Amino acid sequence: MQQVHPVYAGMARTIFDVMSGLAREHGAINLGQGFPEEQGPPELIEAAARALREKSNQYPPGAGLQELREAVCHFYRDRQGLELTSEQVIVTSGATEAIAAAVLALVKTGDEVILFQPAYDAYAPMVRRAGGVPVSVPLAPPLWCYEAEPLEAAITPRTRLIMFNDPLNPAGTAASAAELAMLAEACIRHDLIAICDDVWEDVRFDGQVHRSLISMPGMADRAVKIGSAGKIFGLTGWKVGWLCAAPDMADLLGRAHQFLTYTTPPALQWAVAEGLAMPQSLVAPQREVWAASRQRLKAGLEGAGYGVLPNAATWFLCIDLAASGIALPDRDFSERAVREAGVASIPLSALFEGEDRPEHILRLCFTKPDDQLDEAVERLARFRLQMAR
Ligand code: GLN
């Protein structure tokens, strides 16, 4: 093990894998790792099966099938008013690969990279492995707002990039127009690039249309936008994502991507291209189910005495343990809940680095069948009474 790179030596497994493993081991209801329980839209499953039979099963172009790259452009034009050309889109094997390609392409040794926290747990190790230095800017619950002052305080002459996940996993909050303007202004003034992890852009419950940081004035040439079919269609195992950027930057990102996965299974690319072109009525039923599940879990948890934080997007709700009368730190609660109550969750402190982390917030995934949600609420209700005693 002496040869292991120091970034990975002694590193724990990702919390998502750990909690899913514990859920399997204890037969618990898994509200930890984010994935819907259902099969996904039948039209897309059918499209993928048809593509496997009828289309080529050999390497597609490294940057992705032209049809999918164009479908991504049309999708963003329709949904967000973004003007992109297909040469600006690079298809990746999921958003996690897109993040890796962007970090490898853009971060040089010694570059400082601003990470707002909580953050997806892949960001910091990837930045370090690329030779960069992650610099934390913690956000505060319950609203997790982006503020100019702490951001300015974290920026130095070595700062090169910000990583910005909006809507924000795990909190499920979405940045306001004023916050986007502040971030764009800071990027322009300090000559920073923004890696915009927009994977939750299409999973919103507040009726708002997603506005990406890349669309703010002056940002088109200094931002990378990352999207995910896994999130848009609830097909997390497909691992189809993409990077969008100005043509020169997209070309650079494609060079990093070509030596990671090189390409992504063509049948899935064909199916996602079909899906992105489908009228909204095809994904609307799924969205209605998710919205109802969100309400069901929220009402159930509140009825059981849990304090639920406000949110607008994603597949997650967060509960505030302190406001629920529970003094246990989030990690202890989470580890005991999966073993003793049979419900897996994600402790938010696992998605923070450094000292300045809240330890009283837990994330729960609600894209599960009603009977699982109801049973999970019953179990958590009983567990709360035991813990609050
Ligand atoms: N994005 C998923 C989540 O937040 C996790 C992805 C993963 O497990 N690698 O739950």
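These notes cover the structure that comes with them. (Residues numbered from 1 in each chain as written. Predicted model: local features only at pLDDT ≥ 70, side-chain atom pairs only at ≥ 80, totals over all residues. Heavy atoms only, no water.)

## Brief notes about the site of the ligand
The condition is simple: Here a residue is considered near a molecule or strand provided that any single heavy atom belonging to it is located within 4 Å of it. Under this definition, polar contacts are N or O atom pairs within 3.5 Å; protein pairs additionally need one hydrogen-donor-capable and one acceptor-capable atom, and for neighbouring residues in sequence, both atoms have to be side-chain atoms. Accessible surface is estimated by sampling points in the Shrake-Rupley manner with a 1.4 Å probe; for residues, cover comes only from the protein chains shown. Only Asp, Glu, Lys and Arg are considered charged, only Ala, Val, Leu, Ile, Met, Phe, Trp, Tyr, Cys and Pro nonpolar, and every remaining residue, Gly among them, polar.
As a structural note, the neighbourhood of the ligand is formed by F16, Q33, G34, Y120, N169, K231, F316 and R363. Here an oxygen atom of the ligand sits 2.7 Å away from a polar atom, N or O, in the main chain of G34. With respect to the ligand, the side chain of N169 contributes an N or O atom lying 2.8 Å from an oxygen atom. Within the complex, the protein chains bury 80% of what would otherwise be the 300 Å² of accessible surface of the ligand. Classifying every residue of the shell around the ligand gives 3 nonpolar, 3 polar and 2 charged.

## What to know about the packing of helix α11 (residues 284-303) against helix α13 (residues 370-388)
In plain terms, the rule: All axes here are fitted lines through C-alpha atoms, helices being fitted over the stretch that makes contact, and every angle between N-to-C directions spans 0 to 180 degrees. Labels follow the DSSP assignment, with helices taken as runs of H or I lasting at least four residues and strands as runs of E lasting at least two, numbered in each case from the N terminus. Oblique is the label for any angle not covered by the other classes, which are roughly parallel (under 35 degrees), roughly antiparallel (over 145) and roughly perpendicular (65 to 115). The hand of a helix crossing depends on one turn: near helix anticlockwise from the far one by less than a right angle means left-handed, and clockwise means right-handed. Whether two residues are in contact is decided by their heavy atoms: any pair within 4.5 Å suffices.
At a closest axis distance of 9 Å, the pairing of α11 and α13 adopts a crossing angle of 15°. Here α11 lies roughly parallel to α13, going by the angle between them. The crossing of α11 and α13 is right-handed. Each of S293, R296, L297, G300 and L301 in α11 lies in contact with α13, whose residues at this interface are D370, L373, D374, V377 and L380. Each residue belonging to the contact of α11 with α13 can be placed in one class, and the counts come to 5 nonpolar, 2 polar and 3 charged.

## Notes on unusual backbone geometry
Of note, the amide linkage connecting Q117 to P118 takes the cis form, showing an omega dihedral of 5°. Along the chain, P118 turns up in the loop between β3 (112-117) and α5 (123-129). Note the cis peptide between D166 and P167, where omega equals -15°. On the secondary structure map, P167 appears in the loop between β5 (159-165) and α7 (177-189). Of note, D191 is a non-glycine position whose phi angle comes to about 55°, a positive value. Following the sequence through the fold, D191 ends up in the loop between α7 and β6 (193-197).

## Quick look at the packing of helix α3 (residues 66-80) against helix α10 (residues 266-277)
Where α3 contacts α10, the axes come no closer than 9 Å and their chain directions differ by 25°. In terms of orientation, α3 lies roughly parallel with respect to α10. Where α3 crosses over α10, the two elements pack in a sense that is left-handed. Contacts from E67, L68, A71, V72 and F75 of α3 reach α10 at Q269, W270, V272, A273 and L276. Considered class by class, the residues forming the contact of α3 with α10 number 8 nonpolar, 1 polar and 1 charged.

## Overview of the side chain of D320
For clarity, the threshold we go by: For every residue, the accessible area obtained with a 1.4 Å probe (protein chains only) is divided by the maximum for its type, and the residue is called buried under 20%, exposed over 50%, and partly exposed between those limits. Only four residue types enter the charge count: Lys and Arg as positive, Asp and Glu as negative, with His and the chain ends excluded. Take a side-chain nitrogen of Lys or Arg and a carboxyl oxygen of Asp or Glu: if they are within 4 Å of each other, that pair is a salt bridge.
Counting through the fold element by element, D320 comes out in strand β10 (residues 316-320). No salt bridge is formed by the buried D320. Its closest oppositely charged neighbour is R384, at 10 Å. Once you skip the residues sitting within four places of it in the chain, D320 turns out to touch G307, L309 and H360.

## Description of the sheet that holds strand β7 (residues 223-228)
The criterion, for reference: For two strands to be treated as a pair, DSSP must find at least two bridges joining them.
The 7 strands lie next to each other as β2-β8-β7-β6-β5-β3-β4, forming an open sheet whose pairing is mixed. Here the strands that pair on one side only, and so sit at the sheet edges, are β2 (89-92) and β4 (133-138). Across this sheet, the average inter-strand angle for adjacent strands is 20°, counted without regard to direction. Along the sheet face, α3 touches β2, β7 and β8 (241-244) and points at about 110° away from the line of β2.

## Details of the packing of aromatic side chains
Which entries qualify depends on this criterion: Here the aromatic set is Phe, Tyr and Trp, taking the six-membered ring for Trp, and pairing holds for ring centres within 6.5 Å; pairs whose planes are under 30 degrees apart are stacked, those over 60 apart are edge-to-face, and all others are tilted.
Per the stated rule, a full pass over the model turns up 12 aromatic pairs. Where Y59 meets Y262, the ring centres are 5.8 Å apart and the plane angle is 75°; that geometry is what we call edge-to-face. Within this pair, whereas Y59 is found in the loop between α2 (42-54) and α3, its partner Y262 is found in the loop between α9 (247-258) and α10, the two being separated by 203 residues in sequence. Among the residues examined, Y262 registers a relative accessible area of 34% and is labelled partly exposed. An angle of 75° between the planes, with centres 5.2 Å apart, marks the rings of Y146 and F164 as edge-to-face. Of the two residues, Y146 sits in the loop between β4 and α6 (148-154) while F164 sits in strand β5, which places them 18 residues apart along the sequence. What makes Y146 buried here is its relative accessible area of 8%. On the accessibility criterion, F164 (1% relative accessible area) is buried. An aromatic cluster of three or more residues is present, and its members are W200, W290, W315 and F316.

## Details of the sheet that holds β10
Here we have 4 strands laid out as an open sheet, ordered β9-β10-β13-β12, and antiparallel in their pairing. Lying at the two open borders of the sheet, with one neighbouring strand each, are β9 (307-308) and β12 (346-347). Where β9 lies against β10, 2 bridges are found, and the strand directions are antiparallel. In the sheet register, G307 faces β10, and the bridge partner there is D320.

## A short note on the environment of A277
Secondary-structure assignment places A277 in helix α10. Residue classification places A277 among the exposed positions, given a relative accessible area of 62%. Separated by 193 residues in sequence, A277 and L84 place their C-alpha atoms 16 Å apart.

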